[in-house]
Amino acid sequence: MNNLPEAAPPRDYHPTLERLNALSRNHLLYFRLEVGRLLLEDFFEGDPAAYHSQDSQKKLSFAHFLESCGDYLADIGLGAQVLRQCIQAQIAVRSLPAGTVERLLFSHIVELARVEDEATRSILAQAAVENRWTGLQLRDAVLSTKAGKWIDGDPAPGLQPVAPEETEKTPQLGRVVTRFERSAEDMEALAQQWRQIAGKNLSQGQRNRLRQAVDRLKVQLSELDHALGSAPGDSEG
């Protein structure tokens, strides 16, 4: 007789995982949208037009906020790019159909924020929900609409966005050289700022970020120096 205890039947964790996924998704979405709402109210009086305005005379307090509080914001996971995405997402959801936002991911709303026309944005949001698009699929659909193409590229049921053809343009040589010159000036300015604060203690996180940035610069400069050293005509003025 086999007296060994019977193995426990396999458990289905799918319901728990689904609930965890929904909780994580909804929490992130709600948090990011509320961040966008807060920033719009504090810096732009809640007006999306003020955020998008190109008026050179408008208040620059948000830019100053990002610059002066950058380290603290980065430490809590809210860098400048994320904060701008939060604002753009908050603006985008205001025109979406009721009940749609809750069924989207934050990455979806970031892509929808790239669409200026509200009607097109709503159509894409509905399509993303109904066809269970990933963020990348929605991005393809957004790019297709911007290129004047219909977003369904497959006769199968549902909408299947076609990735738009990407044409890579060769940068102009003179502009590249000019940008390098400006980058050198920027680095000199940064070095001067560093010398002014070099005596202050860095947090471990700041030290790691700075070291990674310096290492990336070293790699790029080394490759550029090697390319220039092997290029003909270096002695020419």
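So, a few notes on the structure that sits alongside this text. Treat the numbers as computed from the prediction; the structure is a model and nothing was measured. The residue count restarts for each chain, going from 1 along the sequence in the order it is written. Residue-level local features of this predicted model are given only where pLDDT is at least 70; pairs of side-chain atoms are given and counted only at 80 or more, and the full residue set underlies all totals for whole chains, interfaces and linings. Hydrogen atoms and water are omitted, and side-chain values are computed over all heavy atoms in the structure.

**As for the pattern of salt bridges**
By convention in these notes, a salt bridge is any Lys or Arg side-chain nitrogen within 4 Å of a carboxyl oxygen on Asp or Glu. The full count for this structure, using the stated rule, is three salt bridges. The residue Arg37 makes a salt bridge to Glu34 at a minimum N-O spacing of 3.1 Å. Placement of both Arg37 and Glu34 in helix 1 (residues 14-44) is noted, with a separation of three residues, approximately one turn of the helix. Look at Glu34 and you get partly exposed, because its relative accessible area is 27%. When salt bridges that share partners are traced, they join Glu111, Arg114 and Arg139 into one network. The helix count covers DSSP runs of H or I at least four residues long, the strand count covers runs of E at least two residues long, and both are numbered beginning at the N terminus. For the exposure calls, accessible area comes from a 1.4 Å probe over protein chains only, and a residue counts as buried if that area is under 20% of its type's maximum, exposed if over 50%, partly exposed in between.

**Focus: a nonpolar patch on the surface**
Within this analysis, patches are made of residues with over 30% relative accessible area and no salt bridge. Like charges are joined at 9 Å or less; nonpolar side chains (Val, Leu, Ile, Met, Phe, Trp, Tyr) at 5 Å or less. The method behind every accessible area is Shrake-Rupley, applied with a 1.4 Å probe, and residues are considered shielded solely by the protein chains displayed. On the surface, Met187, Leu190, Leu217 and Leu221 cluster together into a nonpolar patch covering about 370 Å² of accessible area. When residues of the nonpolar patch are traced back to their parent elements, those giving at least two are helix 9 (173-197) and helix 10 (204-229). Locating Leu221 in the fold gives a position in helix 10. On the basis of relative accessibility, which here comes to 55%, the residue Leu221 falls in the exposed class.

**Looking at the packing of helix 1 against helix 3 (residues 61-68)**
For helices, the fitted axis covers only the stretch in contact; all axes are lines through C-alpha atoms, and the angles between them, taken along N-to-C directions, range from 0 to 180 degrees. Running from N to C, helix 1 and helix 3 cross one another at 120°; their axes reach a closest spacing of 9 Å. When the axes of helix 1 and helix 3 are compared, the pair comes out oblique. Every residue of helix 3 that contacts helix 1 at Leu39, Phe43 and Phe44 is listed here: Ser61, Phe62 and Phe65. Each residue gets one label: Ala, Val, Leu, Ile, Met, Phe, Trp, Tyr, Cys and Pro are nonpolar, Asp, Glu, Lys and Arg are charged, and the others, such as Gly, are polar. Tallied by class, residues from the contact of helix 1 with helix 3 come to five nonpolar, one polar and no charged. Every angle not falling under 35 degrees, over 145, or within 65 to 115 is termed oblique; those three ranges are roughly parallel, roughly antiparallel and roughly perpendicular. Throughout, a residue-residue contact means that at least one pair of heavy atoms, one from each residue, lies within 4.5 Å.

**Examining the layout of surface pockets**
The pocket and cavity definitions rest on a 1 Å grid over protein atoms only: a 1.4 Å probe that fits but cannot leave marks a cavity, an open set with protein on both sides within 12 Å along at least five of seven lines marks a pocket, and residues lining either have an atom within 4 Å of a point. Grid points are joined across faces, edges and corners, and a volume is the space filled by probe spheres set on the points. By volume, the largest pocket is sized at about 640 Å³. As for the largest pocket, its lining consists of 16 residues, and the residues nearest its centre are Leu190, Trp194, Ile197, Leu202 and Leu210. Mapped by element, the contributors of at least two residues to the lining of the largest pocket are helix 9 and helix 10.

**Here we look at the packing of helix 1 against helix 5 (residues 80-93)**
When two helices pack together, their arrangement is given by the angle between their axes and by how far apart the axes lie. Relative to each other, helix 1 and helix 5 sit at 95°, their axes nearing to 7 Å. Our classification of the angle between helix 1 and helix 5 gives roughly perpendicular. Across the interface between the two elements, Arg32, Leu33, Val35, Gly36, Arg37, Leu39, Leu40 and Phe44 of helix 1 pack against Val82, Leu83, Cys86, Ile87, Ala89, Gln90, Ile91 and Val93 of helix 5.

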